[in-house]
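Coordinates in review
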Amino acid sequence: MRLFCILAVALAVTGCAKSEKGLAFDGHYYRATAKKAGDDRSVFQVEVRQVSQSLEGAREAGRHAATKYCVDNFGTSNIAWTRGPDPENGSLSVSNDKLLLQGKCEFL
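Residues numbered from 1 in each chain as written. Predicted model: local features only at pLDDT ≥ 70, side-chain atom pairs only at ≥ 80, totals over all residues. Heavy atoms only, no water.

Considering the nonpolar core
Formally: Only buried Ala, Val, Leu, Ile, Met, Phe, Trp, Tyr and Cys residues count toward a nonpolar core, and they belong to the same one when joined by side-chain atoms within 4.5 Å. Residue burial is assigned from relative accessible area. The probe radius is 1.4 Å, only protein chains are included, and a residue is buried under 20% of its type maximum, exposed over 50%, and partly exposed in between. Under the scheme used here, helices are H or I runs from DSSP no shorter than 4 residues and strands are E runs no shorter than 2 residues, and both carry numbers assigned from the N terminus. Contact between two residues is taken to exist if any of their heavy atoms lie within 4.5 Å; hydrogens are not considered.
Judged by nonpolar contacts, the single largest core of 17 residues is most densely connected at Y30, F44, V46, V48, A58, C70 and L99. Elements that contribute at least two residues to this core include exactly β4 (43–49), α2 (55–74) and β7 (98–105). The greatest single-element share of this core, amounting to six residues, is contributed by α2. When neighbours within four sequence positions are excluded, C70 is seen to be in contact with F44, G75, T76, N78, I79 and C105.

In structure tokens:
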């Protein structure tokens, strides 16, 4: 029984371990920030730095930051993208090693 308790605590501690750098996407760490883009707080923009590490990783870091923004502020993960992380028609906005995304948190 004692061994079981020790193993349970060890698993709990390792499951909660988080890198000081945050979450990794495609094997790299990104600084992604989401903030409101005007008076309407549901409209937001995301900036992801160091895109040159991996465009795929930067896209997913941006998607994660946007989802977190909407969940934290509105309790929803539904997003209507105006400039999203998926590269339809070459619509990704990358400049100065930064990926810029825009969207709106949607309420169903």
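Overview of the state of the cysteines
Here is the rule: Note on terminology: disulfide denotes any pair of cysteine sulfur atoms within 2.5 Å.
Applying the stated rule across the entire model yields one disulfide. What pairs with C70 in a disulfide is C105, and their sulfur atoms sit 2.1 Å apart. Of note, the bridge from C70 to C105 carries an S-S torsion of about -85° and is left-handed in sense. Note that C70 is positioned in helix α2 and C105 in strand β7, a separation of 35 residues in sequence. Given the relative accessible area of 1%, C105 is considered buried.

Thoughts on the packing of aromatic side chains
Put simply, the test is: Ring geometry is summarised as follows: Phe, Tyr and Trp rings, the Trp one being its six-membered ring, pair when their centres sit within 6.5 Å, and such pairs are stacked at plane angles under 30 degrees, edge-to-face over 60 and tilted between the two.
Here the structure, examined in full by the defined rule, presents three aromatic pairs. Here the aromatic rings of F44 and Y69 are separated by 5.5 Å at their centres, their planes lie at 45°, and the arrangement is tilted. With F44 in strand β4 and Y69 in helix α2, this pair connects stretches of sequence that are 25 residues apart. Like F44, the residue Y69 is buried in the burial classification. An aromatic cluster is defined as three or more aromatic residues linked by ring pairs; in this entry it consists of F44, Y69 and W81.

What to know about the confidence of the model for the protein chain
Note the cut-off: The predictor's confidence in any single residue is recorded as pLDDT, a number from 0 to 100.
Considering every residue of the protein chain, the mean pLDDT works out to 84; 79% of them sit at 70 or more. In this model residues 2–18 is a low-confidence stretch, pLDDT under 50, and it forms zero contacts with partners more than four residues away in sequence or in other chains.

Considerations on the pairing of β7
Stated precisely, the cut-off is as follows: In this analysis, strands are considered paired if DSSP registers two or more bridges between them.
Of the two faces of β7, only the one carrying L99, L101, G103 and C105 is buried; K98, L100, Q102 and K104 on the other face are not. Pairing geometry for β4 and β7, over seven bridges, is antiparallel. From the neighbouring strand, V43 faces β7, where its bridge partner is K104. Here four bridges tie strand β5 (residues 79–83) to β7, and the two strands are oriented antiparallel to one another. Counterpart to R83 in the pairing with β7 is Q102. With three bridges joining them, strand β6 (residues 93–95) and β7 adopt antiparallel strand pairing.

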